[in-house]
Amino acid sequence: MLFRSTRLAIGIGMQFVCALVLLGFAFSGIVQMHRLLEDYNADLLPSARIVHAVSDGLERSRGREAEYVATGAAAADANELESALATERSEVQRNLQSYQPLIGDAEDRTDYEKILTQTDDYYRLQDQVLALVRAANGPHDAAVKLLLGDSRRALATVRDSVAAWARHGEQRERTQAETSAAAYSRAQRQAMIVSAFLFVSAVLACIRITRTITVPLQEAVSLAKSVAAGDLTRRSQIEGADEK
């Protein structure tokens, strides 16, 4: 009896340890999913917003530049246009600076640094356009030529780089989503395995516990019947914890 009880306790203990190991694997998958979600909320989502804001800011500053050339520095709203243009440019620069802590990998850093340089190049040409307009009420022909020439090409270069930057960000988001989906599937499978293992373990434990009770009872009943029938030679095979 003592041997059976010890063996039952060891078996249940081993099942418990195995269940803990499986639960540990499942928990690690949940932790990974949580970390990926935090990375998305703290990195990828703000990154996408900044890229979009930079693109919009460049387009708005281009519109202000064209409007300034069209109306001339002597127009009543020229100062307002210059102020609005300065605000748009400051916003673009602020967004670019705020992206630096969010850089995800080497390719992302390369795209970011390229856009910084190209944006500065475009804004230098934009300053030249504005200066031409301001000079003596603006030699509009020269300003228009620069606006539609080098300035437009510089902006097109920045647009292409921003588009590539955005595509790389989208690729990072897809990779993150695929990794999250894989982590979710893995955690789900592990949870199902743990549930199945615990169910089977509980059934086996119940069977073993039942047998430790019913087998001695059956032996005792059989012995009682034998004694009642007059067989006094039969001995009980049940051993207690205090028996040798």
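Residues numbered from 1 in each chain as written. Predicted model: local features only at pLDDT ≥ 70, side-chain atom pairs only at ≥ 80, totals over all residues. Heavy atoms only, no water.

A. Highlighting the overall build of the protein chain. Within the protein chain one finds five helices and zero strands. For the protein chain, the succession of helices and strands along the chain, N to C, is α-α-α-α-α. Sequence-distant contacts, at least 24 apart, represent 76% of the contacts inside the protein chain between residues at least 6 apart. With the model as given, the accessible surface of the protein chain reaches about 15,100 Å², and the carbon-plus-sulfur share is 61%. (Helix = DSSP H or I, 4+ residues; strand = E, 2+ residues; numbered from the N terminus. Contact = heavy atoms within 4.5 Å. Areas by Shrake-Rupley, 256 points an atom, 1.4 Å probe, with all protein chains shown as cover.)

B. How the structure looks around the nonpolar core. Leu58, Tyr99, Tyr122 and Trp165 are the most contacted members of the largest nonpolar core, which totals 30 residues. Elements that contribute at least two residues to this core include exactly helix H1 (2–71), helix H2 (78–99), helix H3 (106–134), helix H4 (140–148) and helix H5 (150–228). Sorting elements by how many residues they give to this core places H3 first, with eight residues. The residues touching Trp165, leaving out its near neighbours within four places in the chain, are Val51, Leu96, Tyr99, Asp108, Asp111, Tyr112 and Ile115. (Core = buried A, V, L, I, M, F, W, Y, C linked by side-chain atoms within 4.5 Å. Buried < 20%, exposed > 50% of the residue type's maximum accessible area, 1.4 Å probe, protein only.)

C. Quick peek at the packing of aromatic side chains. Counted by the stated rule, this structure contains four aromatic pairs. Geometrically, the ring pair formed by Tyr112 and Trp165 is tilted, given 6.4 Å between the ring centres and 45° between the ring planes. Of this pair, Tyr112 sits in helix H3 while Trp165 is found in helix H5, placing the two residues 53 residues apart along the sequence. When sorted by exposure, Tyr112 lands in the same class as Trp165, which is buried. Each member of the aromatic cluster is reached from another via a ring pair, and the members are Tyr99, Tyr112 and Trp165. (Phe/Tyr/Trp six-rings, centres within 6.5 Å; stacked < 30°, edge-to-face > 60°.)

D. A look at the side chain of Gln118. As for its position among the elements, Gln118 is in helix H3. Judged by its relative accessible area of 16%, Gln118 is buried. Every residue in contact with Gln118, bar those within four places of it in the chain, is listed here: Thr157, Val158 and Ser161.

E. Looking closely at the pattern of salt bridges. With the rule as written, the count across this model stands at nine salt bridges. Residues Arg94 and Glu91 are paired through a salt bridge, measuring 2.6 Å at the closest nitrogen-oxygen approach. Of this pair, Arg94 and Glu91 both sit in helix H2, three residues apart, which is roughly one turn of the helix. In this structure Glu91 comes out as partly exposed when scored by relative accessible area, which is 33%. The salt bridge partner of Asp108 is Arg172, with a shortest N-O separation of 3.2 Å. Taken together, the residues span a long stretch of sequence, with Asp108 in helix H3 and Arg172 in helix H5 at a distance of 64 residues. Considered together, Asp108 and Arg172 belong to a single accessibility category, that of buried residues. (Salt bridge = Lys/Arg side-chain N within 4 Å of Asp/Glu carboxyl O.)

F. Quick peek at the confidence of the model for the protein chain. For the protein chain, the mean per-residue pLDDT works out to 78, and 66% of the residues sit at or above 70. Averaged over each element, pLDDT in the protein chain is lowest for H1 (72) and highest for H3 (93). (pLDDT = per-residue confidence, 0-100.)

G. Just H2, in detail. For H2, which comprises 22 residues, the first-to-last C-alpha distance of 32 Å matches the rise-based estimate of 32 Å (1.5 Å per residue) to within 8%. Every buried residue of H2 is listed here: Ala78, Leu81, Ala84, Leu85, Glu88, Arg89, Val92, Asn95, Leu96 and Tyr99. Considered in projection along H2, the buried side chains sweep an arc of 135° and stay on one side of the axis. Seen from the open side of H2, the exposed residues pointing more than 90 degrees away from its buried face are Asn79 and Glu80. (Expected span 1.5 Å × (residues − 1). Arc of directions from axis to C-beta.)

H. Quick peek at the environment of Leu155. Within the fold, Leu155 resides in helix H5. Judged by its relative accessible area of 1%, Leu155 is buried. Between the alpha carbons of Leu155 and Thr119 there is a distance of 7.9 Å; along the sequence they are 36 residues apart. When neighbours within four sequence positions are excluded, Leu155 is seen to be in contact with Leu58, Arg62 and Tyr122.

I. Just the packing of H3 against H4, in detail. Contact geometry for H3 and H4: axes closest at 8 Å, N-to-C directions at 165°. On the basis of their axis angle, the class for H3 and H4 is roughly antiparallel. The two elements H3 and H4 cross, and the hand of that crossing is left-handed. Judged by residue contacts, Leu125, Gln128, Val129, Leu132 and Val133 of H3 engage His140, Ala142, Ala143, Leu146 and Leu147 from H4. (Axes fitted to C-alpha atoms, helices over the stretch in contact; angles between N-to-C directions. Parallel < 35°, antiparallel > 145°, perpendicular 65-115°, else oblique. Left-handed = near helix turned anticlockwise from the far one by under 90°.)

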